[in-house]
Number of protein chains: 2
Amino acid sequence: MYAAGMRMAALSRMTGIPTATIKWYLREGLLPRGDTTKPNQAEYGERHVRRLRLVRALTEVGGLPVAEVRAVTAALDDPSVDLGDVLKIAHGALSHGSVMPGADAAAAVDAFVARRGWTVKDGSPARDQLAGVVGMLGDLMGSPDGTGTAVALLEPYADAVEGLAAMEIGTLPVDEGRDAVVERVVVGTVLLERALGALRRLAQEHAFEQAVRAGRIPGR
Amino acid sequence: MYAAGMRMAALSRMTGIPTATIKWYLREGLLPRGDTTKPNQAEYGERHVRRLRLVRALTEVGGLPVAEVRAVTAALDDPSVDLGDVLKIAHGALSHGSVMPGADAAAAVDAFVARRGWTVKDGSPARDQLAGVVGMLGDLMGSPDGTGTAVALLEPYADAVEGLAAMEIGTLPVDEGRDAVVERVVVGTVLLERALGALRRLAQEHAFEQAVRAGRIPGR
C-alpha cells in the first residue's frame, strides 16, 4: 500500500493528518521518531501510520487529554507492561478528572460490586469514578439515604454491560500477539465507550419521540 | 432543613463547596444571583443549593466544559425551552469536541439507525459523534470496508442500551412539573452516562480476571 520509508509529507498525505499536528505529536512523545536516513531527514513506516491513527482516535474521538494518551502509548511501547496493566491504564485515562468519592459512596459501590460477584482490584479507577457519580446522585436526590437510592439505580445498567464486557474480553485476539491484543484493549475500551454513550443517547432520542407521539410526554 | 435566606458562608457550609468556587460560578453565570437584602449582601435559598449541586455534578463528575454547563443551566432556567430541546442540549454537552464525521461513516450510521427503526432528527449530536467513532474505528481496522466492519460491531451495544433508554424516558416524572422533568433529563443523561461507562469498565476488569484465572489470557 505504501513504501516502507516515507517522508513526513507522505505520512501526512496517507493519514490526512497535517504535518504541524504530526510534529506536535513527535514533540509530545506520542509518536516515535522516524528512522534518520540522512542528517535532518527521517523516514516513517507502517507503525507510524498505525500510531498516528491511534493517537488521533484517542485524542479527537476519545477526548483523552495528552498526558493520558502519552501514558497509553508508553504502555503500548513497553513489552514489560502486562495486559492487565494496559487495561488499567486505559481505564485510568477514561476516569481522568474523577472526583474523590466520599466514604459512604465508596462503601456503597464496594457492596454493590460484591453483590454482583465482580472481582475488582484495589485502586480500580472505574470503581472510584462510579463512587463519585453515586455520591453526586445521592446529594442531588437529597433523600435520607440518597447514596443507597443512587446505587439501586445502577442495577439495570450493570445488567446491560455485563454481557458486553464478557464478549469484549472473550474476543480479544490472544493468538495474534501482544501488539494486536493491547491495541484492541485500548481502542475497544476508549472508542467503544464513546460509541456506547452515543448509542444510548440515540436510543433516548427515539424513545422520547415515541413518547411524544403517544402523548405520554408533552412535545411542546 | 435550612433557613429560607442564607448568606454565602452558610450556602458554602451546606453544600461543601468553597465560597471561592461559588463566587466563580456566579461570575460565570452558572448560579443565579441571590436576593439582595441590603447593599453588598445577598441571600440564597433552596434553589441555589440544588443548582450548586447540579453544577458541581455536571462539571466535576460529568466532566462538562463550563460553556456546556452554561448552555444546560440556561435551558433549565428558560421555561420556553421545551423538553425535547433540553434533551438535545444535554446530548450536545456530552458530544462536545466530537470530530466532523466523514461522509462514508455518516451514511453508514444513518443506515444503521434506519435498520434499527430509530427515529432520530437531523442535527442529532449523538449521531454525529457515533459517526466520528465509526470513521476512526474503520480507519484503524484498515480493511477495504473498515466503516462497514465498524458499524457491525455496534449491534450488541445498541441492543444493550435500547431497553435502558426506553426505561429512562418511560420513568420521567412528567406529573411533577417542568423543573423536575428537565432536571431528571439532564442528570440522568450526563451522570448515568458516566456511570454506564464506569460499570462497563468494572465488568471488563471482572471478565479479565476470570479469563486470567481460567488460563485463557496470559496474566503476566
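Rules of the game
Residues numbered from 1 in each chain as written. Chains lettered and ligands numbered in written order. Predicted model: local features only at pLDDT ≥ 70, side-chain atom pairs only at ≥ 80, totals over all residues. Helix = DSSP H or I, 4+ residues; strand = E, 2+ residues; numbered from the N terminus. Buried ≥ 20, exposed ≤ 12 C-beta atoms within 10 Å, placed from the backbone. Contact = placed C-beta atoms within 7 Å. Pairing = 2+ DSSP bridges. Domains from an automatic or database assignment. Nonpolar A, V, L, I, M, F, W, Y, C, P; charged D, E, K, R; others polar. Least-squares fit on C-alpha atoms with pLDDT ≥ 70 in both. Core = buried A, V, L, I, M, F, W, Y, C linked by C-beta atoms within 7 Å. pLDDT = per-residue confidence, 0-100. Expected span 1.5 Å × (residues − 1). Axes fitted to C-alpha atoms, helices over the stretch in contact; angles between N-to-C directions. Left-handed = near helix turned anticlockwise from the far one by under 90°. Parallel < 35°, antiparallel > 145°, perpendicular 65-115°, else oblique.

**Q** I'm lost on the overall build of chain A in this one. Help?
**A** In terms of helices and strands, chain A carries 10 helices and 2 strands. The order of helices and strands in chain A, counted from the N terminus, is α-α-β-β-α-α-α-α-α-α-α-α. Counting across all 220 residues of chain A, residues that qualify as buried make up 46%. Intrachain contacts of chain A at a sequence separation of at least 6 include 58% that bridge at least 24 residues.

**Q** Sorry, what's going on with the interface of chain B and chain A here?
**A** Many authors give the size of an interface as the accessible area that is lost as the parts come together. Listed per partner, the contact involves 70 residues of chain B and 70 residues of chain A. The set of elements that each furnish at least two residues to the side of chain B that touches chain A consists of α3 (46–61), α5 (83–94), α7 (125–141), α9 (155–170) and α10 (178–213) of chain B. It is α10 of chain B that provides the largest number of residues to the side of chain B that touches chain A, a total of 21 residues.

**Q** Before we go on, may I ask you to explain the pairing of strand β1 (residues 35–38) of chain B in this structure?
**A** Working note: regular strand, side chains alternate between the two faces of the sheet. All names here are of chain B. Bridging between β1 and strand β2 (residues 41–43) involves 3 bridges; their strand directions are antiparallel. From the neighbouring strand, Asp-35 faces β2, where its bridge partner is Glu-43. Following β1, the chain reverses through 2 residues before pairing antiparallel with β2; Asn-40 in that reversal takes a positive phi of roughly 65 degrees.

**Q** Explain the domain arrangement of chain A to me, please; I cannot follow it from the model alone.
**A** All names here are of chain A. As assigned here, chain A comprises domain 1 (8–61) and domain 2 (93–213). If you average the C-alpha positions of domain 1 and of domain 2, the two centres end up 33 Å apart. The interface of domain 1 with domain 2 comprises 4 residues on the first partner and 5 residues on the second. Along the lines of polarity and charge, the residues of the side of domain 1 that touches domain 2 split into 4 nonpolar, no polar and no charged.

**Q** For this particular structure, what's the right way to read the relation of the copies chain B and chain A?
**A** What connects the two chain copies is a rotation about an axis and a shift along it. Once turned by 180 degrees and shifted 0.0 Å along the axis, chain B lies on chain A with an RMSD of 0.0 Å. Overall, the copies show the geometry of a two-fold rotation axis. Distance from the rotation axis, computed per C-alpha, reaches its smallest value in chain B at Ala-160 of chain B: 2.6 Å. Of the residues that chain B buries at the interface, 100% are likewise interface residues in chain A, meaning the two copies contact each other through the same surface.

**Q** Help me understand the nonpolar core in this model?
**A** If you look at the biggest cluster of nonpolar residues, it comprises 130 residues, and the most contacted ones within it are Leu-199 of chain A together with Leu-199 of chain B. Excluding residues that lie within four positions of it along the chain, Leu-199 of chain B makes contacts with Leu-130, Leu-154, Tyr-157, Ala-158 and Val-161 of chain A.

**Q** Please explain the confidence of the model for chain A as it appears in this structure.
**A** Residue and element names in this part refer to chain A. For chain A, the average pLDDT comes to 92, and 97% of its residues sit at 70 or higher. Confidence, read as mean pLDDT per element, is least for strand β1 (residues 35–38) in chain A (86) and greatest for helix α9 (residues 155–170) (97). Both confidence scores are given for the complex: pTM 0.93, ipTM 0.93.

**Q** How should α5 of chain B be read in this particular structure?
**A** Residues spaced three or four apart along an α-helix point in a common direction, a consequence of the helix completing one turn every 3.6 residues. The terminal C-alpha atoms of α5 of chain B lie 17 Å apart, and with 12 residues this matches the ideal 16 Å at 1.5 Å per residue to within 8%. With 10 of 12 residues buried, α5 of chain B lies mostly within the body of the structure. Among all positions of α5 of chain B, only Leu-83, Val-86, Leu-87, Lys-88, Ile-89, Ala-90, His-91, Gly-92, Ala-93 and Leu-94 of chain B are buried. Lining the buried residues of α5 of chain B we find α10 (178–213) of chain A together with α4 (66–77), α7 and α10 of chain B.

**Q** So what exactly am I meant to see when it comes to the packing of helix α6 (residues 103–115) of chain B against helix α8 (residues 146–153) of chain B here?
**A** All names here are of chain B. Taken N-terminus to C-terminus, the directions of α6 and α8 make an angle of 35 degrees; their axes are 10 Å apart at the nearest point. Seen along the crossing, α6 lies across α8 with a hand that is right-handed. For the pair α6 and α8, contact is made by Asp-104, Ala-105, Ala-108, Val-109 and Phe-112 and by Thr-147, Gly-148 and Val-151, respectively. Looking at side-chain class alone, the contact of α6 with α8 contains 5 nonpolar, 2 polar and 1 charged residues.

**Q** For this particular structure, what's the right way to read unusual backbone geometry?
**A** What you tend to see is this: most non-glycine residues have negative phi, and most peptide bonds are trans. All names here are of chain A. With phi around 65 degrees, Asn-40 is a residue other than glycine that occupies positive phi space. Tracing the backbone shows Asn-40 in the loop between β1 and β2 (41–43). Judged by C-beta crowding, with 5 C-beta atoms within 10 Å, Asn-40 ranks as exposed.

**Q** I'm lost on the environment of Glu-60 of chain B in this one. Help?
**A** Looking at the element boundaries, Glu-60 of chain B is found in helix α3. Between the alpha carbons of Glu-60 of chain B and Ala-198 of chain B there is a distance of 15 Å; along the sequence they are 138 residues apart.

**Q** Honestly, the packing of α10 of chain A against α7 of chain B in this entry has me stumped. Any pointers?
**A** Any two packed helices are characterised by the angle at which their axes cross and by the distance between the axes. As a packed pair, α10 of chain A and α7 of chain B sit with axes 9 Å apart at the nearest point and diverge in direction by 150 degrees. By the angle class used here, α10 of chain A and α7 of chain B are roughly antiparallel. For the pair α10 of chain A and α7 of chain B, the sense of crossing is left-handed. Taken together, the residues of α7 of chain B that come into contact with α10 of chain A (itself represented by Val-187, Leu-191, Arg-194, Ala-195, Ala-198, Leu-199, Arg-201, Leu-202 and Glu-205 of chain A) are Ala-126, Arg-127, Gln-129, Leu-130, Val-133, Met-136, Leu-137 and Leu-140 of chain B. Classifying every residue of the contact of α10 of chain A with α7 of chain B gives 12 nonpolar, 1 polar and 4 charged.

**Q** Would you mind showing me how to read α10 of chain B here?
**A** For α10 of chain B, built from 36 residues, the straight-helix expectation of 52 Å at 1.5 Å per residue is met to within 8% by its first-to-last C-alpha distance of 51 Å. One or two residues past the end of α10 of chain B sits Gly-215 of chain B, with phi positive at roughly 75 degrees.

**Q** How do you make sense of the environment of Leu-196 of chain A when you look at a structure like this?
**A** Position of Leu-196 of chain A relative to the elements: it lies in helix α10. Of the residues examined, Leu-196 of chain A has 24 C-beta atoms within 10 Å and is grouped as buried. Along the primary structure Leu-196 of chain A and Val-161 of chain A are separated by 35 residues, whereas in three dimensions their C-alpha atoms are 9.8 Å apart. Ignoring sequence-local partners within four residues, the contact set of Leu-196 of chain A consists of Tyr-157, Val-161, Leu-196 and Arg-200 of chain B.

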